[in-house]
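Geometric and topological summary
Residues per chain are reported as follows:
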Amino acid sequence: QVQLQESGPGLVKPSQTLSLTCTVSGGSTTTKYYYWSWIRQPPGKGLEWIGYISYSGATYYSSSLKSRTSISRDVDKNQFTLQLSSVTPEDTDVYYCAALRVGTWDVYWGQGTQVTVSS
């Protein structure tokens, strides 16, 4: 059973870079055919997919956030990281990491972490 846990600062100042880490247990970020995603949810709204890094290290980002987003991984630590630059108060959301296994379509979620952008 794959388990995920988000970590990072809960408060970020405007114009700075938001950085969150997802630690994976019960599986490896290099295991075929997993896709490791970041997703966020604004208050009172639906989920917004941010992007993913695949088991092979390929990345793909939402077109609306692509210019500000970078997702990377540390294979040795079994972690993957989200960096979102030039944040504004509109980036205040609950951020989730998740894993999708293509083929079986199993989905695993982290518990989510609140990030507030404020000076």
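Here the structure is a predicted model, which is why all the values come from computation and not from measurement.

1. Some points on the sheet that holds strand E1 (residues 3–7)
Strand order in the open sheet formed by 4 strands is E1-E3-E8-E7, and the pairing between neighbours is antiparallel. The open sheet is flanked by E1 and strand E7 (69–74), the only strands paired with a single partner. Neighbour-to-neighbour, the strand axes of this sheet turn through a mean angle of 20°, independent of strand direction. Bridge analysis of strand E3 (residues 18–25) against strand E8 (residues 79–84) gives 6 bridges, and the strand direction is antiparallel. Across the sheet, the residue bridging to serine 19 is glutamine 83, located in E8.

2. Concerning the pattern of salt bridges
Evaluation of the coordinates by the stated rule reveals 4 salt bridges. One salt bridge in this structure joins aspartate 91 and arginine 40, with 2.8 Å as the shortest N-O distance. Highlighted residues: aspartate 91 in the loop between E8 and strand E9 (93–101) and arginine 40 in strand E4 (residues 34–41), separated in sequence by 51 residues. For the pair formed by aspartate 91 and arginine 40, the shared burial category is buried. Note that arginine 68 and aspartate 91 form a salt bridge whose closest N and O atoms lie 3.0 Å from each other. Taken as a pair, arginine 68 in the loop between strand E6 (59–61) and E7 and aspartate 91 in the loop between E8 and E9 lie far apart in primary sequence, 23 residues in all. You can call arginine 68 partly exposed: its relative accessible area is 21%. On the accessibility criterion, aspartate 91 (2% relative accessible area) is buried. What you see here is one network of salt bridges that share partners, running through Arg40, Glu48, Arg68, Asp91 and Asp93.

The rules behind these values
Residues numbered from 1 in each chain as written. Predicted model: local features only at pLDDT ≥ 70, side-chain atom pairs only at ≥ 80, totals over all residues. Heavy atoms only, no water. Pairing = 2+ DSSP bridges. Helix = DSSP H or I, 4+ residues; strand = E, 2+ residues; numbered from the N terminus. Axes fitted to C-alpha atoms, helices over the stretch in contact; angles between N-to-C directions. Salt bridge = Lys/Arg side-chain N within 4 Å of Asp/Glu carboxyl O. Buried < 20%, exposed > 50% of the residue type's maximum accessible area, 1.4 Å probe, protein only.

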